[in-house]
Amino acid sequence: MTEKMTDWKRKDLLGIEELSAEEIELILQTADSFKEISSRPVKKVPTLRGKTIVLFFFEPSTRTRSSFELAAKRLSADTLSITKSSSSIQKGETLKDTIKNIEAMQVDVIILRHSSSGAHHILAPQVTPSIINAGDGCHEHPTQALLDMFTIKEKKGKIKGLKVTILGDIAHSRVARSNIWGLKKMGAEVTICGPKTLLPRDIDKMGVKVTTCLAEALKGADVVNILRIQKERQQVGLFPSLREYASEFGVSREKLDKYAKKDILIMHPGPINRGIEITPDVADGKYSVILDQVTNGIAIRMAVLYLVSQAGISEQQE
Amino acid sequence: MSLLIKNGRVVDAKNKQDGVFDILVEGAKISKIAKNIVSKDDNVFDAKGMLVVPGLIDLHVHLREPGYEYKETILSGSQAAARGGFTSICCMPNTNPVIDNQGVVDFVFAESKKAGLVNVFPVGAITKGLKGEDLADIADMKESGVVALSDDGYEVASAALLRMAMEYASMFDLPIIAHCEDKELSSGGVMNEGYMSTVLGLKGIPRVAEITMVSRDIELARFTGTKLHIAHVSCKESVALIKKAKKEGVKVTSECCPHHFSLTEEAVEQYDTNTKVNPPLRTKEDVEAIKKGLKDGTIDCIATDHAPHSISEKDTEYDLAPFGIIGSETALGLVMTELVDKGILSIEQVVEKMALNPARVIGQDKGYLSEGGCADITIIDPKQEWVVEKDGFVSKSSNSPFIGKTLTGQVMATIVSGKIVFEKS
């Protein structure tokens, strides 16, 4: 590795698809240096003092929103949190108008979660503050993929050459898409697995192996990232019952013992449905790094907030 | 009142004419087509180096009036058509109120007469309110002058009802224009289902939503013997089905839109809502199949599906934006740029697909240039390059995915019944 890493030049973080492997590496390394701050007795550094960061969540979120908020606070930024129900969206204001109004209050970063895929991509070029994508529809959730990769690297020492399986509702998952882009760029082999009705068309063209057989997906895998199965998917007929889903695609201790490598990492972006996509003994078991993911999420988000804020400053100076 | 169009290359598909001629227009008729016509009148249009073709006919536009005048009106839509070289347009019935009764048909004719630009031929609804439940007042509407029937935007979901509509329409020799889309299969979709929708995380519209309905409607047309016109073909399988049906003698014709031979699903990449159309932009293979279908005659007509929407409706999230793009003013340029210049169609074939065949579909004595025939004429500079500009549209709306694109081929004048309704300054 050369001394001088790639400079971060992006105002926004919209997705993993547009990032280079070097940029991903830069975020992971920056996060690595921030991680230690959260274990100090005084968990605060002055890095982003005077910056205003808005958390704008149009969809429910516990993990991502708290994680971003703590990341911002540990960097000494001021935060403002808005949810869909507390915003003028309820009064019929458009997303663009709402964001333009927040922009007019001279904020520096807007962390946005929205149910429409691409909402961020449409808005970002039209506003001055940095836009960080905290999830857009079924499209991308870049910080989740980054914290997943960070966790894999932390536990396995590398990403390149690892076999990673992503399991579950791939069709509706922004976590899956961001992970596929990121892991492929970092040199991992990616297999996706789930019922055919939850695998999107032509996903193989993203360069992943596709299987509908859980045993096959577990065999030889170094990591399995288990996605949450949303109960409403069953109601629209994408699979017959949660019981059948659990028996075909649920990850249990028994299946792991039978098919998986001894040192497989079990990951889950949360929130988990115990007993459906994952049994409690697996979620809480020795292979699980689910809570490490949550811890690492803060470091990743600190890194992202720091990098996009830096990019803003150097841009203004030019 | 006369007009002499001099030295243009006159191309006509019906008379198989292609050469430099003068055309003398007297009143609403063409009185003479010959070389070196001398006129006493000094009303002369110098068409040297230009194409002089029968007035173009667009089988598929949405004029939005009555009900959605903020998007387009019969006047502004007629102006856009005239600028695009169209002398006749067929307007779809999805207005508010719907064109499903004599009163609304009469209103459209009255407004278009007031506009006094192009011929506007209303297409009547198949079912009342486009609801797919009860047949609209078909006989009444025929009496008032509708040229075809369509529930465009919706498929008549019930095959039994569509069968009855076909049987009934055949009494009046009205073609059924089918919008082929199984709404259950396409439900919630916003773009073609495939690699791009997977990457973009947008809900896909599977191609089978179109193909199954093309197939069903062809079989109903075969069974009832009614004339069926398939609107906006977007899939290669649809082209194949139509080709086979034609060979077997089914009375089926079809149209495709310029965006379906100019763009693929890849245009959606930046979530530009001006790429959101129904049927959606498909794949390269589909584009190739449509071009081949145009070339071999499977696809009879080129129609725009001109669908204006206001800026505020389109300036939103991709999944919330309405379907549709405008097309009247870019159609000819796209045909010249994507089809003629690339060797897919000859000028004569363009005339066939944009004038002669559309006239035949709606049973109008138009679409050709003959002495004694109607003087609907379009004059085109085939070499002139121009850039599509957002502020350059005369349509009330500017929802076009072609803004910024350079096109070759410019409409220089549009003449309706002997009167110049548009002239490029």
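Residues numbered from 1 in each chain as written. Chains lettered and ligands numbered in written order. Predicted model: local features only at pLDDT ≥ 70, side-chain atom pairs only at ≥ 80, totals over all residues. Heavy atoms only, no water.

Details of the overall build of chain B
Check the secondary structure of chain B and you find 13 helices and 18 strands. Against the compact-globule benchmark of 22 Å for 425 residues, chain B has a radius of gyration of 20 Å, which places it among compact chains. Along the first, second and third principal axes, the C-alpha set of chain B runs to 65 × 45 × 45 Å. A fraction of 75% describes how many contacts in chain B between residues 6 or more apart in sequence connect residues 24 or more apart. In the form shown here, chain B has an accessible surface area of approximately 15400 Å², with 51% of it arising from carbon and sulfur atoms. Side chains of chain B carry 47 positive and 61 negative charges; the gap between the two charge centres is 5 Å. (Helix = DSSP H or I, 4+ residues; strand = E, 2+ residues; numbered from the N terminus. Rg over C-alpha atoms; globule rule 2.2 N^0.38 Å. Contact = heavy atoms within 4.5 Å. Areas by Shrake-Rupley, 256 points an atom, 1.4 Å probe, with all protein chains shown as cover. Lys, Arg positive; Asp, Glu negative; His and termini not counted. Charge placed at Lys NZ, Arg CZ, Asp CG, Glu CD.)

Side note on the pairing of strand β3 (residues 29-34) of chain B
Residue and element names in this part refer to chain B. Strand direction decides the pairing type here: strand β2 (residues 17-26) and β3, joined by five bridges, are antiparallel. Note that in β3 the partner of I23 across the bridge is I33. In sequence, β2 turns back onto β3 through a hairpin of two residues, with G27 there showing a positive phi of about 65 degrees. (Pairing = 2+ DSSP bridges.)

Some words on the pattern of salt bridges
Residue and element names in this part refer to chain B. Counted according to the given criterion, the structure contains 37 salt bridges over all chains. Here K114 and E111 are joined by a salt bridge, their closest N and O atoms 2.9 Å apart. Here K114 pairs with E111, and both are found in helix α2 (residues 102-115), just three residues apart, close to one helical turn. Taking the relative accessible area as the measure of exposure, E111 reaches 18% and is therefore buried. The salt bridge partner of K244 is E248, with a shortest N-O separation of 3.3 Å. A residue is classified by how much of its surface remains accessible, and E248, at 41% relative accessible area, is partly exposed. Counted as one network, the salt bridges with shared partners bring together E219, R222, K244 and E248. (Salt bridge = Lys/Arg side-chain N within 4 Å of Asp/Glu carboxyl O. Buried < 20%, exposed > 50% of the residue type's maximum accessible area, 1.4 Å probe, protein only.)

Let's talk about the interface of chain B and chain A
By convention, interface size is frequently given as the accessible area that disappears when the constituent parts associate. The interface is formed by 15 residues belonging to chain B together with 22 residues belonging to chain A. For the pairing of chain B and chain A, the buried interface totals around 1500 Å² over both sides, and the portion due to carbon and sulfur atoms is 54%. Taken together, the connections running from chain B to chain A amount to one salt bridge. Residue K96 of chain A is joined to D315 of chain B by a salt bridge in which the shortest nitrogen-to-oxygen separation is 2.7 Å. The interface formed by chain B and chain A holds seven residue pairs in polar contact (both at pLDDT 80 or more) in total. A per-class count over the side of chain B that touches chain A returns seven nonpolar, four polar and four charged. (Buried area = accessible area lost by both parts, 1.4 Å probe. Polar contact = N/O pair within 3.5 Å; in protein donor to acceptor, adjacent residues only side chain to side chain. Nonpolar A, V, L, I, M, F, W, Y, C, P; charged D, E, K, R; others polar.)

Some thoughts on the sheet that holds strand β4 (residues 130-136) of chain A
All names here are of chain A. Taking strand neighbours across the sheet as the criterion, the four strands line up as β2-β1-β3-β4 in an open arrangement whose pairing is parallel. This sheet does not close on itself; its edge strands, each paired only once, are β2 (78-83) and β4. Neighbour to neighbour, the strand axes of the sheet diverge by 15 degrees on average, direction disregarded. Where strand β3 (residues 109-114) and β4 come together, five bridges link them in parallel fashion. Across the sheet, the residue bridging to I111 is I132, located in β4. (Axes fitted to C-alpha atoms, helices over the stretch in contact; angles between N-to-C directions.)

What to know about unusual backbone geometry
One can expect most non-glycine residues to show negative phi and most peptide bonds to be in trans. All names here are of chain B. The residue after E65, namely P66, is reached through a cis peptide bond having omega 5 degrees. Locating P66 in the fold gives a position in the loop between β6 (56-61) and α1 (74-83). Here the amide bond leading from N278 into P279 is cis, since omega sits at -5 degrees, within 30 degrees of zero. Within the secondary structure, P279 sits in the loop between α9 (258-262) and α10 (284-296). A positive phi is found at K16, a non-glycine position, where the angle reads about 50 degrees. Summarising the element assignment, K16 is placed in the loop between β1 (2-12) and β2.

Some remarks on empty space enclosed by the protein
All told, the structure shown has six cavities of 30 Å³ or more when counted by the stated rule. When its volume is computed, the largest cavity comes out at roughly 70 Å³. If you go around the largest cavity, the residues you meet are L95, K96, A119, I122, L123 and Q126 of chain A together with D315, T316 and E317 of chain B. Counting residues per element, the ones that place at least two in the lining of the largest cavity are α3 (95-104) and α4 (119-123) of chain A. With three residues, the single largest contributor to the lining of the largest cavity is α4 of chain A. When its residues are assigned to classes, the lining of the largest cavity shows four nonpolar, two polar and three charged. (1 Å grid on protein atoms, 1.4 Å probe; cavity = no way out; pocket = protein on both sides within 12 Å on 5 of 7 lines; lining within 4 Å. Points joined across faces, edges and corners; volume = space filled by probe spheres on them.)

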